[in-house]
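# Structure at a glance
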Amino acid sequence: DDLVVTAQEIYIDGTVRGDLLAVGGFVEINGTVEGDLLALAAEVRVNGTVADDLRSLSAGLIINGRVGDALLAGAGGDQSGPAGFASFDGRSIQQGVEIGRDATIGGDTIIGAGSVMLAGAIAEDLLVGTNLMDLRGSVAGDAQLIADRLELADTARVAGQLTYSTPAEMSIPAQVADIVRFEPQPTPEISPGPTLLDYTVRLLLILAGCLLLGWLLLRFTPRTLERPADAITEHPGRALLYGLVATLLLFIVPIISGLIIAAVIFFWGWLPGIMLMLFLTAALVLTWTLSPLITGLW
């Protein structure tokens, strides 16, 4: 069945006959995961087989085995080479995404990382956003590469259309792809910093918005503000204590909410997870917006 495990180091040498959710410092798959793999760690290594999707968020992702379907990955890295190195709990971890020569990805692949080295085979489309892209392997579908630096080896092949976006147009060898399209990167506009007038106008707009919202609430649902304001007047000490607790929770609730959303996505899919995220965000925004109106009325 499905396995949910958290530890400092996680090694899967056998078979998980379902999905695997692994959260830890280091995750290594040497055996087989027959379902999806969702991994959150400093470093994730896949030497065995993930029969379905692989979703990974880590500083480093190294794949030398097989992923049966789609790959969605976010990782670190820099422009110094195919992968940088860092330390976590005394262990040297490799940053960036590295898909080895013997690795295969059976579905669409989406990667956002500081550096990406792809020497294996992608069975469908590829989308990469990175600082350094080192393409040595093959892509059976289309490839869209957005990079500050793009390196193409003699072994690189794209069966479909190769679309690349780099600071300057490059000379793409003919054997890499039959259809090549260059999309220039937009030049960022440097805007001047905010002035005192900008801050003043923004503050006045915020105050005007609070006044309007407060008037609407007092006009149509007065008890929404009056009831908590009366409670503060009646028990100011208790209200202060509640306020301090709420302030502490503002640092904890987003972390707990993120874990709950990740669990919902893992067990019930993306749509329920996104709906829960929107609900929790709306509740926090509503609380944040109404709290100064209540204290202002008090």
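Presented here is an overview of the structure given in this document. Sequence positions are assigned chain by chain, starting from 1 and proceeding in written order. Local features in this predicted model are restricted to residues whose pLDDT is 70 or higher, and side-chain atom pairs enter the listing and the counts only when it is 80 or higher, whereas totals over whole chains, interfaces and linings include all residues. In computing side-chain properties, one takes all heavy atoms of the structure into account and sets aside hydrogens as well as water.

A run of H or I in DSSP becomes a helix once it reaches four residues, and a run of E becomes a strand once it reaches two; helices and strands are each numbered from the N terminus. Within the protein chain, the secondary structure is distributed over 4 helices and 20 strands. For the radius of gyration, the atom set is restricted to C-alpha positions; the globular benchmark scales as 2.2 Å times the number of residues to the power 0.38. Here the protein chain has a C-alpha radius of gyration of 25 Å; the compact-globule value for 298 residues is 19 Å, and the former is much larger. Viewed in the frame of its principal axes, the protein chain has a C-alpha envelope of about 75 × 50 × 35 Å. Summary of the burial criterion: residues with accessible area below 20% of their type's maximum are buried, those above 50% are exposed, and those between are partly exposed, where the area comes from a 1.4 Å probe applied to protein chains only. Put simply, the protein chain has 298 residues, and 36% of those count as buried. Whether two residues are in contact is decided by their heavy atoms, any of which lying within 4.5 Å being enough. Considering only intrachain contacts with a sequence separation of at least 6, the fraction spanning at least 24 residues in the protein chain is 23%. When the accessible surface of the protein chain is totalled, it reaches about 17,000 Å², and 63% of it is carbon and sulfur. Side chains of the protein chain carry 15 positive and 32 negative charges; the gap between the two charge centres is 7 Å. Exposure was quantified through the Shrake-Rupley algorithm and a 1.4 Å probe, taking into account, for residues, occlusion by the shown protein chains and nothing else. His residues and chain termini do not enter the charge count, which takes Lys and Arg as positive and Asp and Glu as negative. Here the site of a charge means NZ on Lys, CZ on Arg, CG on Asp, or CD on Glu.

Attention now moves to the packing of aromatic side chains. Note on ring pairs: Phe, Tyr and Trp rings are taken, using the six-membered ring of Trp, and paired if centres are within 6.5 Å. Classes follow the plane angle, with under 30 degrees stacked, over 60 edge-to-face and the rest tilted. For the coordinates displayed, the defined rule picks out 2 aromatic pairs. Between Tyr 11 and Phe 26, the aromatic rings sit 5.8 Å apart at their centres with planes inclined by 55°, giving tilted as the arrangement. Of this pair, Tyr 11 sits in strand E1 (residues 3-12) while Phe 26 sits in strand E3 (residues 20-29), placing them 15 residues apart in sequence. Classification of Tyr 11 as partly exposed rests on a relative accessible area of 39%.

Time to look at the pattern of salt bridges. As a working rule, side chains carrying opposite charge can pair if their charged atoms are close by. By definition here, a salt bridge exists when the distance from a side-chain nitrogen of Lys or Arg to a carboxyl oxygen of Asp or Glu is within 4 Å. Scanning the entire structure with this criterion turns up 9 salt bridges. Residue Glu 151 is joined to Arg 149 by a salt bridge in which the shortest nitrogen-to-oxygen separation is 2.9 Å. In this structure, Arg 223 engages Asp 230 in a salt bridge whose closest nitrogen and oxygen atoms are separated by 3.7 Å. Given a relative accessible area of 44%, Asp 230 falls into the partly exposed group. What you see here is one network of salt bridges that share partners, running through Asp 36, Asp 53 and Arg 55.

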